[in-house]
Amino acid sequence: MNFGYKKLYIGGELRDSITGNRKEVICPATNEVVGEVAWAGKADAELALEEAQKGFKYWSKLSLAERTKWMMLLREEVLKNDDLLRKAVVMEMGKTYEGAWEDIEAIVNGLEFYPGAMRNMHDEIIPDIENTHRHKMVNQPAGVAVAYLAWNFPLLNVGYKIGPALAAGCSIIIKPSGLTPLSSYVFGEILHKINFPAGVINFICGPIDEVATTLTTSKITKVLTMIGSTASGRKVMADSTTSIKHVSMELGGNAPFIVCADADLDLATNIGIALKYGNCGQICVSPNRFIIHESVYDKFLELFIEKAKKVKVGFGLDQKPDMGPLVTLRDRNRIFKMIQDDVASGAKLELGGGIPAGMEVGNFIEPTVISGLTTTMRCFREEIFGPVAAMMKFSSIDEAIELGNDTEYGLVSYVFSTNEKSIRQLSEELEFGEVQVNGVKYAIYLPHGGVKESGIGHDCSYLALHDYLVKKRITTAL
């Protein structure tokens, strides 16, 4: 399936890049070209900033009711084009067709949730102690927002950003990953089709040093938000200091998956398998380090391997695989090297570690399990971002907490136990923005954010609105 040539969406228009440059989009499952996109440069980024500024002046003056009407119209159009958008994600990223629904769902839910959340952002009255003045705190849109998105959930990430930005009254420039720009450009065509107000949403992709640097350093930009690696986050924050901007970032993760002696092992392994091998392990909240109590370690490992063997690897709209390929050959080689290094350091390869039979074309990799992980190994210290489950033992709750916290990251952690005391201690002492106990749930109304090197601010929930709003105090003498 080839999507042909797709243009930038800037200022309500579908445009070629000013330089005329184009970039091919390659399917990671077939190594075939599945589309071509306009490849922007510095001049395109400057144009996007100008158009977004115009869009902000218009959009910010609309009432919330008027903005909501446009958001609901866009929501309906996304649902009408569900199949097209999902196929674009499948072809550019290699994920399953069923898995791509998460991307569409995030857009639909975000457009529906945030108008209501914004209506609940009431003005605050501050009592005047001397009774001489009246004070009111009001929320106002911050201005032009710029969003940098990761490639692993191309449209889910779009949904996380446009919902709160639009509801708050901001315009937004979205730069998708250069690996997966196709679905965003298709989304731009949908916006163009319904004549969405010009300049309010813009899609642009091109070289980081030309496009991202221009957007980040511009004084027009008032909000910088991103989903990506910690290293990229540091670079964006450093470049942003040309002016004072709101910054919100969801960055890298190194999630511990702690299974206590009294845990439900069937439940824990089912959730572990789904999180570890879904999207080929390319999820920021995917378990990285499986920290298992020594008394149930062997049983957990055996059960996990048994279930991992049943994970179906493949690609295609009719095959219904459980897991597709990694996004690039470079990523597969990186993960192979991590496995090799840790095995050389004493870990044991229990399952996988190679290319599935008959899948030499594309970036496929077997569901993999290694045991005997130690704190000095790469799979303990680094974010794997691939389908490798690395197992290690612990003997006490204190040790589990120490191991779990032994990382610079702090996005999400998982705990499995039936002991209330253990659950309470783990929940209080694990240094992560989220602790998920005996299950897992993500939804548009639930806050998602990390601590330490995993980011600042939140995606999802009413908290995301704070990134796009400024507070103003209005004081009137009585």
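For the structure, check the block above.
Numbering of residues starts from 1 in every chain and runs along the sequence as written. The predicted nature of this model means local features are confined to residues of pLDDT at least 70 and side-chain atom pairs, given and counted, to a pLDDT of 80 or more, with totals for whole chains, interfaces and linings taken over all residues. Side-chain measures here rest on the full set of heavy atoms in the structure, leaving out hydrogens and waters.

Let's talk about the overall build of the protein
Then, number 1: Looking only at helices and strands, the protein features 14 helices and 21 strands.
Then, number 2: The atom set for the radius of gyration is the C-alpha atoms, and the globule formula is 2.2 Å times the number of residues raised to the power 0.38. In summary, the protein has a C-alpha radius of gyration of 23 Å against a globular reference of 23 Å for 478 residues, a match within 12%.
Then, number 3: Along the first, second and third principal axes, the C-alpha atoms of the protein reach 70 × 65 × 40 Å.
Then, number 4: Across the 478 residues that make up the protein, the buried fraction comes to 59%.
Then, number 5: For the protein, the computed accessible surface area is about 19,100 Å², with 52% contributed by carbon and sulfur atoms.
Then, number 6: Taking the 50 positively charged and 59 negatively charged side chains of the protein as two groups, their mean positions are separated by 5 Å. Secondary structure follows DSSP: runs of H or I at least 4 residues long count as helices, runs of E at least 2 residues long count as strands, and numbering of each begins at the N terminus. Note on classification: 1.4 Å probe, protein chains only; a residue is buried when its accessible area is under 20% of the maximum for its type, exposed when over 50%, partly exposed between these limits. Note on areas: Shrake-Rupley with a 1.4 Å probe; residue coverage comes only from the protein chains shown. Counted as positive: Lys and Arg. Counted as negative: Asp and Glu. His and the chain ends are not counted at all. To locate a charge, take NZ of a lysine, CZ of an arginine, CG of an aspartate or CD of a glutamate.

A short note on the side chain of E92
Then, number 1: Assignment of secondary structure puts E92 in helix 3 (residues 82-93).
Then, number 2: Polar contacts, as counted here, are pairs of nitrogen or oxygen atoms within 3.5 Å of one another; within protein the pair requires one atom able to donate a hydrogen and one able to accept it, and residues that are adjacent in sequence qualify only if both atoms are side-chain atoms. Among the polar contacts listed, one links the side chain of E92 to the backbone nitrogen of L182, at a separation of 2.7 Å.
Then, number 3: In terms of polar contacts, E92 uses its side chain to reach the side chain of S183, at 2.6 Å.
Then, number 4: The contact criterion used throughout is that any non-hydrogen atoms of two residues lie within 4.5 Å. Those residues within four positions of E92 in sequence are excluded, and the remaining contacts are V25, I26, P28, P154, L179, T180, P181, L182 and S183.

Looking at the packing of helix 3 against helix 6 (residues 182-193)
Then, number 1: The contact between helix 3 and helix 6 brings their axes to 8 Å, and the two run at 160°. Between helix 3 and helix 6, the angle is such that the two are roughly antiparallel. Helix 3 and helix 6 meet at a crossing whose hand is right-handed. Between helix 3 and helix 6, the contacting residues are L84, L85, A88, V89 and E92 on the first element and L182, S183, V186, F187 and I190 on the second.
Then, number 2: When the residues that make up the contact of helix 3 with helix 6 are grouped by side-chain class, the tally is 8 nonpolar, 1 polar and 1 charged. Structural elements are reduced to axes, namely lines fitted to C-alpha atoms, with helices fitted over the stretch in contact, and the angle between N-to-C directions of any two is expressed from 0 to 180 degrees. Roughly parallel covers angles under 35 degrees, roughly antiparallel covers those over 145, roughly perpendicular covers 65 to 115, and oblique covers all other angles. Each crossing gets its hand from how the near helix is turned against the far one by less than a right angle, where anticlockwise is left-handed and clockwise is right-handed. Each residue gets one label: Ala, Val, Leu, Ile, Met, Phe, Trp, Tyr, Cys and Pro are nonpolar, Asp, Glu, Lys and Arg are charged, and the others, such as Gly, are polar.

Quick word on the packing of helix 2 (residues 64-80) against helix 4 (residues 101-119)
Then, number 1: At a closest axis distance of 10 Å, the pairing of helix 2 and helix 4 adopts a crossing angle of 165°. The angle between helix 2 and helix 4 falls in the class roughly antiparallel. By crossing handedness, the relation of helix 2 to helix 4 is classed as left-handed. Of helix 4, the residues touching helix 2 (which contributes L64, T68, M71, M72, L74, R75, V78 and L79) are W101, I104, I107, V108, L111, E112, P115, M118 and R119.
Then, number 2: Of the residues in the contact of helix 2 with helix 4, the class split is 13 nonpolar, 1 polar and 3 charged.

Observations regarding the sheet that holds strand 5 (residues 33-38)
Then, number 1: Strand pairing is assigned whenever DSSP detects at least two bridges linking the two strands. Strands sit in the order 1-5-4 across an open sheet of 3 strands; the sheet is mixed. In this open sheet, the two edge strands, each paired with only one partner strand, are strand 1 (5-6) and strand 4 (22-26).
Then, number 2: Across 2 bridges, the pairing between strand 1 and strand 5 is parallel. The partner of K6 across the bridge, within strand 5, is V37.

Observations regarding the sheet that holds strand 17 (residues 388-394)
As a general point, the strands of a sheet are linked pairwise by backbone hydrogen bonds and lie either parallel or antiparallel.
Then, number 1: Here we have 7 strands laid out as an open sheet, ordered 15-16-17-14-13-18-19, and mixed in their pairing. This sheet does not close on itself; its edge strands, each paired only once, are strand 15 (348-351) and strand 19 (434-437). Across the sheet, the mean angle separating the axes of adjacent strands is 25° when strand polarity is ignored.
Then, number 2: Examined bridge by bridge, strand 15 and strand 16 (residues 368-371) share 3 bridges and lie antiparallel to one another. Looking at the pairing, K348 lines up with S371 of strand 16.

Thoughts on unusual backbone geometry
Then, number 1: Within the chain, N31 stands out as a residue other than glycine whose phi angle is a positive 65°.
Then, number 2: Take N31: it is sitting in the loop between strand 4 and strand 5.
Then, number 3: Phi at N131 is positive, roughly 60°, even though this residue is not glycine.
Then, number 4: Summarising the element assignment, N131 is placed in the loop between strand 6 (124-126) and strand 7 (133-141).

Looking at helix 6
Then, number 1: To estimate the expected span of a helix, count its residues, drop one, and scale the result by 1.5 Å. For helix 6, spanning 12 residues, the distance from its first C-alpha to its last is 17 Å, which sits close to the expected 16 Å at 1.5 Å a residue.
Then, number 2: Counting buried residues along helix 6, 9 of its 12 residues qualify, which places the element largely inside the surrounding structure.
Then, number 3: Remark: N195 follows helix 6 within two positions and exhibits a positive phi of approximately 55°.

As for the pairing of strand 13 (residues 255-259)
Then, number 1: For strand 13, a buried count of 5 out of 5 residues is recorded, marking the element as mostly surrounded by other parts of the structure.
Then, number 2: Of the two faces of strand 13, the one holding A255, F257 and V259 and the one holding P256 and I258 are both buried throughout.
Then, number 3: In terms of strand pairing, strand 13 meets strand 14 (residues 287-293) through 5 bridges, oriented parallel. Bridge pairing in strand 14 places A255 opposite P287.
Then, number 4: The β-α-β motif built from strand 13, the intervening helix 9 (residues 265-277) and the parallel element strand 14 has right-handed crossover chirality. By convention, a crossover is right-handed whenever its connection, traced from the first strand over the helix to the second and viewed with the strands pointing away, goes clockwise.

Things to note about the environment of H133
Then, number 1: By the secondary structure assignment, H133 is in strand 7.
Then, number 2: Those residues in contact with H133 that lie beyond four places of it in its chain are D128, T475, T476, A477 and L478.
Then, number 3: Polar contacts involving the side chain of H133 include one to the side chain of T132, which spans 2.7 Å.

Topic: a negative patch on the surface
Then, number 1: On the surface, a cluster of negative charge is contributed by D398, E402, E428 and E429.
Then, number 2: Taken together, the elements giving at least two residues each to the negative patch come down to helix 13 (397-405) and helix 14 (420-429). Exposure above 30% relative accessible area and the absence of a salt bridge qualify a residue for a patch, where like charges join within 9 Å and nonpolar side chains (Val, Leu, Ile, Met, Phe, Trp, Tyr) within 5 Å. The rule for a salt bridge is simple: a side-chain nitrogen of Lys or Arg has to be within 4 Å of a carboxyl oxygen of Asp or Glu.

No statement about biological role is implied by the geometric values presented.
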